[in-house]
Amino acid sequence: MGKSVVAIVKGAKDPGEEEIAALVRKAIELAGGLADIISRGDTVLINPNLVIPQSPETGATTDPRVCQAIADMVKEIGARPIIAESSAVGIDTEEAFRATGYTKLREKGYEVIDLKKEKTTKVPIPKGKSVKELSLPRPVVEAKAIISVPAMKTHDQALVTLSLKNTKGLLPDTFKRKFHTTFGIYQGVADLCTVFRPALAVVDGIIAQEGLGPMFGTPVEMDLIIAGKDPVAVDAITSMVMGFGPQEDGVIDAAARLGVGTADPDKIEVVGETISSVQRRFKRAEEAVFELVTIPKGFQLIFDERTCTGCRRNVLSVLVDLKEQGKLDRAAGLTVVAGKAERLPDVDREHLVLVGNCLAKFREYATFVPGCTPNNRDIIAGILGEESKVMYTARGGAEKNSEPPQ
Ligand code: SF4
């Protein structure tokens, strides 16, 4: 089998609409063009990352000019492009369309649809390790090809979020939640991509985002478009451009293991720019938090792959809140756990704080902060041992149970 081809194209600083269109065209042509994946009359679903209503200048969302350029290339073949997205759980996708400039594309005659409003169909995932069946919006199921167009970002949970992770934006909200609580985000996305594998990945690296991605990081101007027909290879090479290992991210690793594509640089041909000529080390999410706060002595934070963005974000932002309140030193010696842990860490119960309903089965063993997502006020109360709806079982609350449940 031949190598997977990944094209890296770099533009001038602050490119305009025409320059972006030229960059996208060049990257797709270097990656082998569209003719072998799209035919006249096909419906092609173009999926940007519009996780929240934030302008592409923040690096959090895909620039509409990138999707417009792809849609124009699809139209030239005689196929029908549909730009489609379902924003994060609880976010109005139409509001995201307005904030990111996609309503303007609609006004120009491009088809832009909110997948949250579409009827769904059940689809089996026969090769899925954790997902066996999904309900997906009909336009996703009926599309002849999916083009994933992520923004180039770090992620507080999955290290990076690129073309594979972006496919989570094809899911209805109920399944987005299940990917965190039940399936596991790494395996869930890899399983989804065994059936809905993007035929083309085009990474919008014009304005990328580092640090507290996928929503609250710092924009970084890269002026890059990275494209290819093997989404695993595209994500692996983009990860390397961002200063990570090709398979360091859990989603890329799970997808490579399932045979969705290759993350092995020896099996990937990079065309256009070299990795080293455009590489920049991106700040990781936890580095950004730890730059803002000095972690007190003996404090530990334990997340796993099933800890949702909500719990992660709130626990991390609580550390910043506590610093601002001058109370961060009171977290010294505590271990804070969030996610769907099966077992608790080997820490004495007086120094353990369990955050979120996923840990409710341990509620009588240690301090437990209820909620899904738990709010900052209650997490702060849990850490400080102050009054709220938090249960202080281990620190003198009414309910006593000295053995951790299994
Ligand atoms: S409790 Fe936290 S980790 Fe669990 S489902 Fe809710 S937000 Fe996600």
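Along every chain, residues carry numbers that run from 1 in the direction the sequence is written. Only residues with pLDDT of 70 or above have their local features reported here, since the model is predicted, and side-chain atom pairs are shown and tallied only from 80 upward, although totals for entire chains, interfaces and linings are computed over all residues.

**Let's talk about the overall build of the chain**
Starting at the N terminus, helices and strands are each numbered in turn, a helix being any DSSP run of H or I of at least four residues and a strand any DSSP run of E of at least two. Looking only at helices and strands, the chain features 13 helices and 16 strands. Radius of gyration: over C-alpha atoms. The globule rule applied is 2.2 Å multiplied by the number of residues raised to the 0.38 power. Its C-alpha atoms give the chain a radius of gyration of 22 Å, within 12% of the compact-globule value 22 Å for 406 residues. In terms of its C-alpha atoms, the chain occupies a principal-axis envelope of roughly 70 × 45 × 45 Å. C-beta atoms are first placed from the backbone for all residues, and any pair lying within 7 Å is then listed as a contact. A sequence separation of at least 24 residues applies to 71% of the contacts in the chain between residues at least 6 apart.

**Some thoughts on the sheet that holds strand β14 (residues 335-338)**
Pairing between two strands requires that DSSP report at least two bridges joining them. Here we have four strands laid out as an open sheet, ordered β13-β14-β15-β16, and parallel in their pairing. The open sheet has two free edges, formed respectively by β13 (300-303) and β16 (367-369), since each of these has just one partner strand. Taken pair by pair, the neighbouring strands of this sheet meet at an average axis angle of 20°, ignoring direction. Direction of pairing for strand β15 (residues 352-355) relative to β16: parallel, over a ladder of three bridges. Across the sheet, the residue bridging to Val355 is Val369, located in β16. Convention adopted: a line fitted to C-alpha atoms gives each axis, helices being fitted over their contacting stretch, and angles between N-to-C directions are expressed from 0 to 180 degrees. The strands touched by helix α12 (residues 309-324) are β13, β14 and β15; relative to β14, the strand with the most contacts, the crossing angle is about 155°.

**Structural notes on the site of the ligand**
Taken together, 13 residues surround the ligand, and among them Cys308, Cys311, Gly356, Cys358 and Cys372 come closest. The set of elements that each furnish at least two residues to the shell around the ligand consists of α6 (173-183) and α12. Three residue categories are used. Nonpolar comprises Ala, Val, Leu, Ile, Met, Phe, Trp, Tyr, Cys and Pro, charged comprises Asp, Glu, Lys and Arg, and polar comprises the others, including Gly. Looking at the shell around the ligand residue by residue, the classes come out as five nonpolar, eight polar and no charged. Each residue gets a C-beta atom placed from its backbone. Should that atom fall within 6 Å of a molecule or strand, the residue is termed near it.

**Things to note about the environment of Leu171**
If you trace the backbone, Leu171 turns up in the loop between β9 (159-161) and α6. Classification of Leu171 as buried rests on a count of 26 C-beta atoms within 10 Å. Separated by 67 residues in the primary sequence, Leu171 and Thr238 place their C-alpha atoms 24 Å from one another. Leu171 has contacts with Ser86, Leu136 and Lys176, leaving out every residue within four places of it along the chain. The exposure label follows from counting other C-beta atoms within 10 Å of a residue's C-beta, where the C-beta atoms are placed from the backbone and the thresholds are 20 or more for buried and 12 or fewer for exposed, leaving partly exposed in between.

**Structural notes on the nonpolar core**
In these notes, a nonpolar core means any group of buried Ala, Val, Leu, Ile, Met, Phe, Trp, Tyr and Cys residues linked to one another through C-beta atoms within 7 Å. Ranked by size, the top nonpolar core spans 91 residues in total, and within it Ala27, Ile70, Val202, Ile226 and Ala227 carry the most contacts. The residues touching Ala227, leaving out its near neighbours within four places in the chain, are Ala7, Ala27, Ile28, Ala31, Leu200, Ala201, Val202 and Val234. Grouped together as the second largest cluster of nonpolar side chains are 29 residues, Val353, Val355, Cys358 and Leu359 included.

**Digging into the domain arrangement of the chain**
The source of the domain bounds is an automatic or database domain assignment. You can read the domains of the chain as domain 1 (4-278) and domain 2 (293-384). Each of domain 1 and domain 2 was reduced to a C-alpha centroid, and the two centroids are 32 Å apart. Going through the elements one at a time, α6 and α7 (185-195) are the ones with two or more residues in the side of domain 1 that touches domain 2. Of the residues in the side of domain 1 that touches domain 2, the class split is two nonpolar, five polar and one charged.

**Examining helix α9 (residues 250-257)**
The element α9 is extensively covered by neighbouring structure, given that six of its eight residues are classed as buried. Gly250, Val251, Ile252, Ala254, Ala255 and Ala256 are the residues of α9 that are buried. If you follow the buried residues of α9, they end up packed against β9, α7 and α8 (231-241). Once α9 ends, the next one or two residues include Gly259, with phi positive near 85°.

**Observations concerning the pairing of β14**
Across the two faces of β14 the burial is the same, with Thr335 and Val337 and Val336 and Ala338 all buried. In terms of strand pairing, β13 meets β14 through four bridges, oriented parallel. Following the sheet pairing, Ile302 is matched in β14 by Val337. Viewed along the sheet, the connection from β13 through α12 into β14 turns out left-handed. One ladder, built from four bridges, connects β14 with β15; its direction is parallel. Paired with Val336 across the bridge in β15 is Val353. Viewed with both strands pointing away, a crossover whose connecting path from the first strand over the helix to the second turns clockwise is right-handed.

**Thoughts on the packing of α8 against α9**
Close contact between α8 and α9 brings their axes to 10 Å; oriented N to C, the two are set at 145°. The interaxial crossing formed by α8 with α9 has left-handed handedness. Residues Val232, Asp235, Ala236 and Ser239 of α8 lie in contact with α9, whose contacting residues are Ile252, Ala255 and Ala256. Classifying every residue of the contact of α8 with α9 by side-chain character gives five nonpolar, one polar and one charged. Two helices that cross are described as forming a left-handed crossing if the nearer one is turned anticlockwise from the farther one by less than a right angle, and a right-handed crossing if clockwise.

**Notes on helix α1 (residues 17-30)**
In a helix, the anticipated span is given by 1.5 Å times the number of residues less one. Compared with the 20 Å implied by 1.5 Å per residue over 14 residues, the 20 Å span of α1 between its first and last C-alpha is a close match. Every buried residue of α1 is accounted for by Ile20, Leu23, Val24, Ala27 and Ile28. An end-on view of α1 places all buried positions within 125° of arc, on one side of the element. Elements in contact with the buried residues of α1: β1 (4-10), α2 (64-77), β10 (200-210), β11 (218-228) and β12 (268-272). Once α1 ends, the next one or two residues include Gly32, with phi positive near 115°. Here the arc refers to the set of directions running from the helix axis out to each C-beta atom.

**Description of the packing of α12 against helix α13 (residues 376-384)**
Relative orientation of the contacting elements α12 and α13 amounts to 65°, with a least axis distance of 9 Å. Our classification of the angle between α12 and α13 gives roughly perpendicular. As for how α12 packs across α13, the hand of that crossing is right-handed. On the side of α12, the interface is formed by Asn314, Val315, Ser317, Val318, Asp321 and Leu322, while α13 contributes Asn376, Ile379, Ile380 and Ile383. Taken together, the residues that form the contact of α12 with α13 break down as six nonpolar, three polar and one charged. For this classification, under 35 degrees means roughly parallel, over 145 means roughly antiparallel, 65 to 115 means roughly perpendicular, and everything else is oblique.

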